[in-house]
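Structure assessment
The chain contents come next:
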Amino acid sequence: MNGLANFFTRIVNRYMPDPLVVAVLLTALTLVFAMVWQGTGFLDATRYWGKGFWELLAFSMQMTVILLAGYILAKTPVVDRLMNWVVAGIHTPRAAIIAATLFGGVGSWVNWGFGLVIGTLIAQKLGQKVKGLHYPLVIAAGYSGFALYGIGLSGSVPLLLNTPGHFLEEKIGLVPLSDTIFSPIMLITSLLIVVTMPFFNAMLHPKAGQPIIEAKPEAPVAAPEVETHAPTFADRLNNSPVIGVGVGLFGLLYCALYLSDGGGITLNLVNTLFVFLGILLFVTPNRFLATLSDGARIVGNIIIQYPFYAGILGILSGSGLIVTFAGWFVAISSAETLPIWSFISSGLINIFVPSGGGQWVIQGPVMMEAAAQLGASVPATAIAVQIGDQWTNMVQPFWLLPALAISGLKLRDIMGYMVLVLFYLGVIYGAAVAIWGFIGV
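These remarks concern the structure in this document. (Residues numbered from 1 in each chain as written. Predicted model: local features only at pLDDT ≥ 70, side-chain atom pairs only at ≥ 80, totals over all residues. Heavy atoms only, no water.)

**Side note on the overall build of the protein**
The secondary structure content of the protein amounts to 21 helices and zero strands. For a compact globule of 441 residues, the expected C-alpha radius of gyration is about 22 Å, and the protein comes in at 22 Å, within 12% of that figure. Principal-axis analysis of the C-alpha atoms gives the protein an extent of 70 × 60 × 50 Å. Taking all 441 residues of the protein together, the buried fraction comes to 53%. Sequence separation of at least 24 residues holds for 82% of the intrachain contacts in the protein that already meet a minimum separation of 6. (Helix = DSSP H or I, 4+ residues; strand = E, 2+ residues; numbered from the N terminus. Rg over C-alpha atoms; globule rule 2.2 N^0.38 Å. Buried < 20%, exposed > 50% of the residue type's maximum accessible area, 1.4 Å probe, protein only. Contact = heavy atoms within 4.5 Å.)

Below, the structure is given as structure tokens:
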């Protein structure tokens, strides 16, 4: 395992550019595919790209807020003390990798933004504390838990299909969460990954005597400036627990009323819940805003890079390439095999469009129509598309950006380990989807 990890690390170090360059190269590749396979002219493909560039702006903001809100919640004193308590009891490199994987996985199952951040934050703390720990690997382990987000409480496809009025409701109706993320096969799959992936990651740690990269010492925190003047009225408002706690409770009250009125769990609700819970736990507006400013560096690259992927989606959609590509897999599918081919096709498409919700809007109707014609399981096929998305997120540079920003590492430092995690998850997810396809018909 160490030999394989070293091999992929060397390959990535030699050939893997920075994430923004990857997005540009994927854009060029998509243009070529559209022109070759769809006969789309270069100027038309360029128009599709430009039209799509800002099409997902609202969704991009939702993704940015959920990630930023997850970061803020993970940095609240309560959660930070919990992480410090966990880290204090860990003394060996392999135990550190197991802990980082568990935190990232369970956190991502609860909420992908929270898990994506907390897995990296606890990995960073472990890297500072545990001697002999290979820092790139523990950061990769913390990120690997993100592979559980789509079959957890914030999975975009299952939540959408459980929302009244979703765009495919007339064709497939509402699909309850009990048929998707809470189905027995998905619960077993989630549990299997939570139990086995920490040990798989631990196996990748360099053995004694092999070279490792340790985390750089944490920079000392500057002492706060001492106020030399009496606090002004504005200072008292900025540091008022009444305002912080009051607005936090008010926002949480709205969330409770929304749910009691029959509202479903949506991205907007999750964002609202996390933002106001963060305000409440920081107590004062000043403390909350200080963490918010620090979190801005985590989402900066996402803000500028997401439109590039939206532009790629514009080409895929406008040229019909994504429908054609999905159709190739549908053509070789039966009722039993449609879920596994949906999983594979979704994983490939996700390399170009790292957005479960955005991808589902285009690929979902194709797969649901195929499920109706073939008599395949609708929940199995839909979740297979979601799983394919989260599977190849392991090597999609876009979602690695927060982990890189927090850890200070480069993409090439951890990508070799993520390739091995991709293979590991491919076996488990592929088997689960294939079994569900046969028993779900």
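That was the structure; now back to the text.
**Details of the pattern of salt bridges**
This structure, assessed with the given rule, holds three salt bridges. Asp-80 is paired through a salt bridge with Lys-125; the nearest N and O atoms lie 3.1 Å apart. Residue Asp-80 is found in helix H5 (residues 77-88), and its partner Lys-125 is found in helix H7 (residues 112-129); the two are separated by 45 residues along the sequence. Close ionic contact of Lys-171 with Glu-369 constitutes a salt bridge, the shortest N to O distance being 2.7 Å. With Lys-171 in helix H10 (residues 169-172) and Glu-369 in helix H18 (residues 356-374), the pair connects residues that are 198 residues apart, well separated along the chain. Looking at Lys-171, the relative accessible area reads 45%, which means it is partly exposed. Exposure remark for Glu-369: the relative accessible area of 30% places this residue in the partly exposed category. (Salt bridge = Lys/Arg side-chain N within 4 Å of Asp/Glu carboxyl O.)

**A short note on the packing of aromatic side chains**
The tally for this structure, following the rule as stated, stands at 25 aromatic pairs. For the pair Phe-146 and Trp-399, a centre-to-centre distance of 6.0 Å together with 55° between the ring planes defines the contact as tilted. Taken as a pair, Phe-146 in the loop between helix H8 (135-144) and helix H9 (156-161) and Trp-399 in helix H20 (residues 397-407) lie far apart in primary sequence, 253 residues in all. Of the two residues, Phe-146 and Trp-399, neither departs from the other in class, the shared state being buried. By way of ring pairs, the aromatic residues Trp-112, Tyr-143, Phe-146, Tyr-149, Tyr-306, Tyr-309, Phe-398 and Trp-399 are connected into one cluster. (Phe/Tyr/Trp six-rings, centres within 6.5 Å; stacked < 30°, edge-to-face > 60°.)

**Observations concerning the side chain of Ser-333**
Turning to its location among the elements, Ser-333 is positioned in the loop between helix H16 (321-331) and helix H17 (338-352). Engagement of the side chain of Ser-333 in a polar contact is seen with the backbone oxygen of Phe-329, the distance being 2.6 Å. Each residue touching Ser-333, except ones within four places of it in the same chain, is listed here: Leu-338, Trp-341 and Leu-374. (Polar contact = N/O pair within 3.5 Å; in protein donor to acceptor, adjacent residues only side chain to side chain.)

**Quick notes on helix H2 (residues 19-37)**
With 19 residues, H2 ought to run about 27 Å at 1.5 Å a step, and its terminal C-alpha atoms sit 26 Å apart, in line with that. Here H2 has its buried residues at Pro-19, Val-22, Ala-23, Leu-26, Thr-27, Thr-30, Leu-31 and Ala-34. Taken together, the buried residues of H2 touch helix H3 (42-53), helix H15 (285-318), H16, H17, H20 and helix H21 (411-439). Positive phi shows up at Gly-39, right after H2, with a value of about 70°. (Expected span 1.5 Å × (residues − 1).)

**Points about the nonpolar core**
In this structure, Leu-126, Met-394, Trp-399, Met-418, Leu-425 and Tyr-429 are the most contacted members of the largest nonpolar core, which totals 116 residues. If one sorts the elements of this core by residue count, H21 sits on top with 16 residues. Counting 18 residues, the second largest nonpolar core, distinct from the first, contains Leu-161, Trp-360, Ala-370 and Ala-371. (Core = buried A, V, L, I, M, F, W, Y, C linked by side-chain atoms within 4.5 Å.)

**Quick word on the packing of H17 against H18**
Here H17 crosses H18 at 165°, and the two axes come no closer than 12 Å. Judged on the interaxial angle alone, H18 and H17 are roughly antiparallel. Regarding H17 and H18, the two cross each other, and that crossing is right-handed. Between H17 and H18, the residues in contact are Leu-338, Ser-342, Ser-345, Ser-346, Ile-349 and Asn-350 and Gln-359, Gln-363, Met-367, Ala-370, Ala-371 and Leu-374, respectively. Each residue belonging to the contact of H17 with H18 can be placed in one class, and the counts come to six nonpolar, six polar and no charged. (Axes fitted to C-alpha atoms, helices over the stretch in contact; angles between N-to-C directions. Parallel < 35°, antiparallel > 145°, perpendicular 65-115°, else oblique. Left-handed = near helix turned anticlockwise from the far one by under 90°. Nonpolar A, V, L, I, M, F, W, Y, C, P; charged D, E, K, R; others polar.)

**Examining the environment of Gly-347**
Counting through the fold element by element, Gly-347 comes out in helix H17. Judged by its relative accessible area of 0%, Gly-347 is buried. Spatially, the C-alpha atoms of Gly-347 and Ala-371 are 18 Å apart, while their sequence positions differ by 24 residues. Residues in contact with Gly-347, not counting those within four places in the same chain, are Gly-388, Trp-391 and Thr-392.

**As for a nonpolar patch on the surface**
On the surface, Val-32, Met-35, Val-36, Trp-37, Phe-42, Leu-43 and Trp-328 cluster together to form a nonpolar patch covering roughly 730 Å² of accessible area. Of all the secondary-structure elements, those providing two or more residues to the nonpolar patch are H2 and H3. Sorting elements by how many residues they give to the nonpolar patch places H2 first, with four residues. In this fold, Trp-37 is placed in helix H2. (Patch = residues over 30% accessible without salt bridge, like charges linked within 9 Å, V, L, I, M, F, W, Y side chains within 5 Å. Areas by Shrake-Rupley, 256 points an atom, 1.4 Å probe, with all protein chains shown as cover.)

**Details of H8**
Of all ten residues making up H8, ten are buried, and the element is well covered by its neighbours. Inspection of H8 places Tyr-135, Pro-136, Leu-137, Val-138, Ile-139, Ala-140, Ala-141, Gly-142, Tyr-143 and Ser-144 among the buried residues, and these make up the whole buried set.

**Structural notes on the environment of Ser-317**
Relative to the assigned elements, Ser-317 resides in helix H15. Discounting residues that sit within four places of it in the chain, Ser-317 has contacts with Ile-322 and Ile-362.

**Section: the environment of Ile-304**
As for its position among the elements, Ile-304 is in helix H15. Under the relative-accessibility criterion, Ile-304 is labelled partly exposed at 48%. Sequence separation between Ile-304 and Phe-276 is 28 residues, and the spatial gap between their C-alpha atoms is 26 Å.

**Topic: the packing of H17 against helix H19 (residues 378-392)**
Contact geometry of H17 with H19 gives a least axis separation of 7 Å together with a crossing angle of 35°. In terms of crossing hand, the pair formed by H17 and H19 is right-handed. Across the interface between the two elements, Leu-338, Pro-339, Ser-342, Phe-343, Ser-346, Gly-347, Asn-350 and Ile-351 from H17 touch Ala-380, Thr-381, Ala-384, Val-385, Ile-387, Gly-388, Asp-389, Trp-391 and Thr-392 from H19.

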